[in-house]
Amino acid sequence: MKRKEALKILTSGSLGLGIIPFGGAKSKTTEDLQLKGNINHAVCKWCYRDIPLKEFAISCKEMGISGIDLLGADDWKTVMDEGLACSMGTPKDSSIERGLNNPNNHERLTRNFIEAIDKAADAGVEKIIVFSGNRNNISDEVGLENCAVGIQKALKVAEQKNILLVMELLNSKVNHPDYQCDHTAWGVKLAKKIGSPNFKLLYDIYHMQIMEGDVIRTIRENHEYIAHYHTGGVPGRNEIDESQELYYPAIMEAIVETGYTGYVAQEFIPKKDDKLASLKAGVMICDV
């Protein structure tokens, strides 16, 4: 299942309906895992769509995860009832392709963003994800200007309610052809142009390794514009173990050294049969 397809399900509030209850073995407790406390662990639910949300949240809590990413407002209470946060909220009708770089989308996005911001403020959700959209022959310069203009009305509400609007950096080479916010430099330039502490970037390590590499130096030089991180094995977007090319402990250490205290969310698609075991292993790899 592709991310853009999962977004439609995540924002519909229908996760877990009609799915056979997950019956996997329980994970060890946080105390047993002896997490160091330097990384605030989270996970993206769409990678585990066959596990009902409530049961997934319980398992996540047991392995030391404190937040679940990319949930629509209808699902926030479910994870909060299990003692977890929604670490990244998703507005309704969220689209990677139809984003802020096209003025034709501004009215719809502003309405949906403000609705999500209001709900997030009431629920205690701190971040809402936004997307640049695909280029569709819009130049990077014009697209950047359109994004800066298009976010203004929602951003004012976000500033009033202390909510972060976070634009994700995605690769346009493998997973999201034609996506505009596909390089850190473009995203940072947009953040500087907007000039608000309530607009920052989601640095997806998997996507940016594909597009530009040089992950650790990029994080060190641009961390003030980054509000969230995602993981994923390269190539393939699977487990972040020795089967792929990135060395995540060093990347996590670099993130910690910047003083970052937000969430690092696992966003790999497990290939192994025991998906929760893969998730727990990812948490331990990143727990530096």
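Residues numbered from 1 in each chain as written. Predicted model: local features only at pLDDT ≥ 70, side-chain atom pairs only at ≥ 80, totals over all residues. Heavy atoms only, no water.

Participant: Would you mind showing me how to read the overall build of the chain here?
Facilitator: When its secondary structure is counted, the chain shows 12 helices and eight strands. In the chain, buried positions account for 57% of the 288 residues. Long-range pairs, those at least 24 residues apart, make up 77% of the contacts in the chain between residues at least 6 apart in sequence. Roughly 12400 Å² of accessible area belongs to the chain as shown, and the carbon and sulfur atoms make up 48% of that amount. (Helix = DSSP H or I, 4+ residues; strand = E, 2+ residues; numbered from the N terminus. Buried < 20%, exposed > 50% of the residue type's maximum accessible area, 1.4 Å probe, protein only. Contact = heavy atoms within 4.5 Å. Areas by Shrake-Rupley, 256 points an atom, 1.4 Å probe, with all protein chains shown as cover.)

Participant: Is there a simple way to explain the layout of surface pockets in this structure?
Facilitator: It is a probe the size of a water molecule, rolled over the atoms, that shows where empty space is left. One number sums up the size of the largest pocket: a volume of about 150 Å³. The wall of the largest pocket is formed by 12 residues, among which A73, P91, K92, E115 and K119 lie closest to the centre. No other element matches the four residues that helix α5 (residues 106–123) contributes to the lining of the largest pocket. Of the residues that constitute the lining of the largest pocket, the class distribution is four nonpolar, four polar and four charged. (1 Å grid on protein atoms, 1.4 Å probe; cavity = no way out; pocket = protein on both sides within 12 Å on 5 of 7 lines; lining within 4 Å. Points joined across faces, edges and corners; volume = space filled by probe spheres on them. Nonpolar A, V, L, I, M, F, W, Y, C, P; charged D, E, K, R; others polar.)

Participant: What's the story with the nonpolar core in this structure? I'm lost.
Facilitator: Nonpolar side chains tend toward joint burial in soluble globular proteins. Core analysis: the biggest nonpolar cluster contains 88 residues, and L165, M167, F199 and M252 have the highest contact counts within it. When residues no more than four places from it in sequence are discounted, the contact partners of M252 are I39, I205, V264, C286 and V288. (Core = buried A, V, L, I, M, F, W, Y, C linked by side-chain atoms within 4.5 Å.)

Participant: Where do I start with the packing of helix α6 (residues 140–150) against helix α8 (residues 184–194) in this structure?
Facilitator: Pairs of packed helices are described in terms of their axes, by the angle between the two and the distance that separates them. Close contact between α6 and α8 brings their axes to 10 Å; oriented N to C, the two are set at 40°. Classified by the interaxial angle, the pair formed by α6 and α8 is oblique. In this structure, α6 crosses over α8, and the sense of that crossing is right-handed. Across the interface between the two elements, D140, G143, L144, E145, C147 and A148 from α6 touch W186, K189, L190, K193 and I194 from α8. Grouping the constituent residues of the contact of α6 with α8 by class yields six nonpolar, one polar and four charged. (Axes fitted to C-alpha atoms, helices over the stretch in contact; angles between N-to-C directions. Parallel < 35°, antiparallel > 145°, perpendicular 65-115°, else oblique. Left-handed = near helix turned anticlockwise from the far one by under 90°.)

Participant: Sorry if this is basic, but what is going on with the packing of helix α10 (residues 215–222) against helix α11 (residues 248–257) here?
Facilitator: Contact geometry for α10 and α11: axes closest at 10 Å, N-to-C directions at 10°. One element, α10, and the other, α11, form an angle in the roughly parallel class. Only A250, I251, A254, I255 and E257 of α11 make contact with α10, whose side of the interface consists of V215, I216, I219 and R220.

Participant: Which parts of the structure should I look at to understand the packing of aromatic side chains?
Facilitator: Counted under the stated rule, the structure contains three aromatic pairs. Taking 6.1 Å as the distance between ring centres and 65° as the angle between the ring planes, the aromatic pair formed by Y203 and Y229 counts as edge-to-face. Taken together, the positions of Y203 in strand β6 (residues 199–204) and Y229 in strand β7 (residues 226–230) put the pair 26 residues apart, joining distant regions of the chain. Looking at Y203, the relative accessible area reads 0%, which means it is buried. An angle of 85° between the planes, with centres 4.9 Å apart, marks the rings of Y229 and Y260 as edge-to-face. Placement of Y229 in strand β7 and of Y260 in the loop between α11 and β8 (263–266) is noted, with a sequence separation of 31 residues between them. Looking at Y229, the relative accessible area reads 0%, which means it is buried. Classification of Y260 by relative accessible area gives buried; the value is 14%. Three or more aromatic residues link up through ring pairs in this structure, and these residues are Y203, Y229 and Y260. It is K45 that lies over the ring of F56; its NZ or CZ is 5.4 Å from the centre. (Phe/Tyr/Trp six-rings, centres within 6.5 Å; stacked < 30°, edge-to-face > 60°. Lys NZ or Arg CZ within 6 Å of the ring centre and 35° of its normal.)

Participant: How should I be thinking about the pattern of salt bridges in this particular structure?
Facilitator: Under the counting rule described, the total for this entry stands at 15 salt bridges. With a shortest N-O distance of 3.4 Å, K272 and D241 are connected by a salt bridge. A residue pair is termed long-range when its members are at least 10 positions apart, and K272 in the loop between β8 and α12 (275–286) and D241 in the loop between β7 and α11 qualify at 31 residues. Taken together, the shared-partner salt bridges in this structure form one network comprising K92, E115 and K119. (Salt bridge = Lys/Arg side-chain N within 4 Å of Asp/Glu carboxyl O.)

Participant: Please clarify how the pairing of strand β3 (residues 85–89) should be interpreted in this entry.
Facilitator: As a general feature of sheets, a regular strand has side chains that alternate between the two faces. Burial runs high along β3: four of the five residues are buried. Pairing of strand β2 (residues 67–71) with β3 involves four bridges; the strand directions are parallel. Following the sheet pairing, G67 is matched in β3 by A85. For the segment spanning β2, helix α4 (residues 76–81) and β3, crossover handedness is right-handed. (Pairing = 2+ DSSP bridges. Right-handed = clockwise from strand over helix to strand, strands pointing away.)

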